[in-house]
Amino acid sequence: MDKRLLDILCCPVSKTPVRLLSKHELDALNGAVVAGQVDSVTGVPVREKISEALITTDRKVIYRIEDGIPVMLPEEGIGTTQLTDFPAGA
């Protein structure tokens, strides 16, 4: 992802800056997705593994990246509190 774009992106709700999700965090997220344990903030189950994502710097919300484009819609966010084995910050 373009560093300049990453520098200006933020959570559309809280305005908290975002960073790329680390491989370790992404693996933990996808493990929970495969186990059927992940919902969007609106309660819609996340059924497909995520190849790339952003996370707010306060580690509360994850936004997926599809084909290099961040999906920064509030309803598409994934709250991290539902992820029981989510690793500590990268």
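The present account deals with the structure reproduced in this document. (Residues numbered from 1 in each chain as written. Predicted model: local features only at pLDDT ≥ 70, side-chain atom pairs only at ≥ 80, totals over all residues. Heavy atoms only, no water.)

## Some words on the environment of A32
Okay, so step 1: Examined against the element boundaries, A32 turns out to sit in helix 2 (residues 23-34).
Okay, so step 2: Considering only alpha carbons, one finds A32 and G79, 47 residues apart in sequence, at a separation of 12 Å. (Helix = DSSP H or I, 4+ residues; strand = E, 2+ residues; numbered from the N terminus.)

## Structural notes on the nonpolar core
Okay, so step 1: Grouped together as the largest cluster of nonpolar side chains are 14 residues, with contacts concentrated most on L21, L29, V38, I50, I62, I78 and L83.
Okay, so step 2: No other element matches helix 2, which puts 4 residues into this core.
Okay, so step 3: For V38, the contacting residues outside a window of four places in its chain are L29, A32, V33, V44, P45, V46, I78, Q82 and L83.
Okay, so step 4: Counting 9 residues, the second largest nonpolar core, distinct from the first, contains L9, C11, V61 and M72. (Core = buried A, V, L, I, M, F, W, Y, C linked by side-chain atoms within 4.5 Å. Buried < 20%, exposed > 50% of the residue type's maximum accessible area, 1.4 Å probe, protein only. Contact = heavy atoms within 4.5 Å.)

## Let's talk about the pattern of salt bridges
Okay, so step 1: Under the counting rule described, the total for this entry stands at 5 salt bridges.
Okay, so step 2: Taking the shortest distance from any N to any O, the salt bridge between K23 and D27 comes out at 3.0 Å. A residue pair is termed a helical-turn pair when its members lie 3 or 4 positions apart in one helix, as K23 and D27 do in helix 2 at 4 residues.
Okay, so step 3: Residue E25 is joined to R59 by a salt bridge in which the shortest nitrogen-to-oxygen separation is 2.6 Å. With E25 in helix 2 and R59 in the loop between strand 2 (53-56) and strand 3 (61-66), this residue pair connects regions lying 34 residues apart in the sequence. (Salt bridge = Lys/Arg side-chain N within 4 Å of Asp/Glu carboxyl O.)

## As for the pairing of strand 3
Okay, so step 1: Pairing of strand 2 with strand 3, which is carried by 3 bridges, proceeds in the antiparallel orientation. In the strand pairing of strand 3, I55 is matched with I62.
Okay, so step 2: The pairing of strand 3 with strand 4 (residues 69-70) spans 2 bridges and is classified as antiparallel. What sits directly across from I65, in strand 4, is P70.
Okay, so step 3: Hairpin remark: strand 3 followed by strand 4, antiparallel, with 2 residues in the connecting loop; positive phi at D67, about 50°. (Pairing = 2+ DSSP bridges.)

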